[in-house]
Amino acid sequence: MKAAMASSNKTAAEKEQLAREEAKKALKQNLGKDDVTETELQSFLMEGAKDAVANTMKACMERASTNTEKQECRSKSAKEALANSLGKAEVSDVELEAFLNDGAKAAVGDAMASCFKAANDDQSKLNKCKSESAKQALAQSLGEDMSAVSDIDVQRFLEDSAKSAEIGRAHV
């Protein structure tokens, strides 16, 4: 998809169409199917984009040391990763925000699950799961400083993560 988006002699619409065709071809191959529906393709692209944005934010935030660099993780790196993953020339700030929030929900849930497991019923460690591990995961996922993330934000994302996990289990 990246190669299709980098084509310099095509319009944005042509690049997007070529990227979708390449993604559909790859998905057919990976699934061993003769045909892939648009719904299957869209689901594949959305899941891949969510992972790409989350991974990009994590890596970028680990390298960022200034507030400007952290903002660029969000406004440039994550936005570019999302556009490439979806096979689009551009993505809106609204689309980016939705993917960042989805990634943050997953990161907070994963951080809490890992922390609870590692705490092994040690109450002092369990108390730090929300205030430290989950808060750090949320800040990193959203491209924020930990000081900008409130306990209420952490609680909201934890609840959303739990709801998403419950819905996911219901569909299995």
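None of these values were measured; they are calculated from a predicted model.

1. Some thoughts on the overall build of the protein
Phase 1: The secondary structure content of the protein amounts to 7 helices and 0 strands.
Phase 2: Of the regular secondary structure in the protein, the N- to C-terminal order runs α-α-α-α-α-α-α.
Phase 3: Seen through its principal axes, the protein has C-alpha atoms that stretch 60 × 40 × 25 Å.
Phase 4: For the protein, contacts bridging at least 24 residues in sequence account for 48% of all contacts bridging at least 6.
Phase 5: Here the protein has roughly 10,600 Å² of accessible surface; of this, 49% comes from carbon and sulfur atoms.
Phase 6: Positive and negative side-chain charges of the protein, numbering 25 and 30 respectively, have mean locations separated by a distance of 2 Å.

2. Describing the side chain of S141
Phase 1: By the element assignment, S141 lies in helix α6 (residues 123-142).
Phase 2: Classification of S141 by relative accessible area gives buried; the value is 12%.

3. Some points on the pattern of salt bridges
Phase 1: Scanning all chains against the criterion turns up 11 salt bridges.
Phase 2: With a shortest N-O distance of 3.3 Å, K24 and E38 are connected by a salt bridge. Pair noted here: K24 is in helix α2 (residues 12-31) and E38 is in helix α3 (residues 38-63), with a separation of 14 residues, a long-range link.
Phase 3: Here E95 makes a salt bridge to K88, at a shortest N to O gap of 2.5 Å.
Phase 4: Given a relative accessible area of 27%, K88 falls into the partly exposed group.
Phase 5: Among the charged side chains, a salt-bridge network with shared partners connects R20, K24 and E38.

Reading the values: the criteria
- Residues numbered from 1 in each chain as written.
- Predicted model: local features only at pLDDT ≥ 70, side-chain atom pairs only at ≥ 80, totals over all residues.
- Heavy atoms only, no water.
- Helix = DSSP H or I, 4+ residues; strand = E, 2+ residues; numbered from the N terminus.
- Contact = heavy atoms within 4.5 Å.
- Areas by Shrake-Rupley, 256 points an atom, 1.4 Å probe, with all protein chains shown as cover.
- Lys, Arg positive; Asp, Glu negative; His and termini not counted.
- Charge placed at Lys NZ, Arg CZ, Asp CG, Glu CD.
- Buried < 20%, exposed > 50% of the residue type's maximum accessible area, 1.4 Å probe, protein only.
- Salt bridge = Lys/Arg side-chain N within 4 Å of Asp/Glu carboxyl O.

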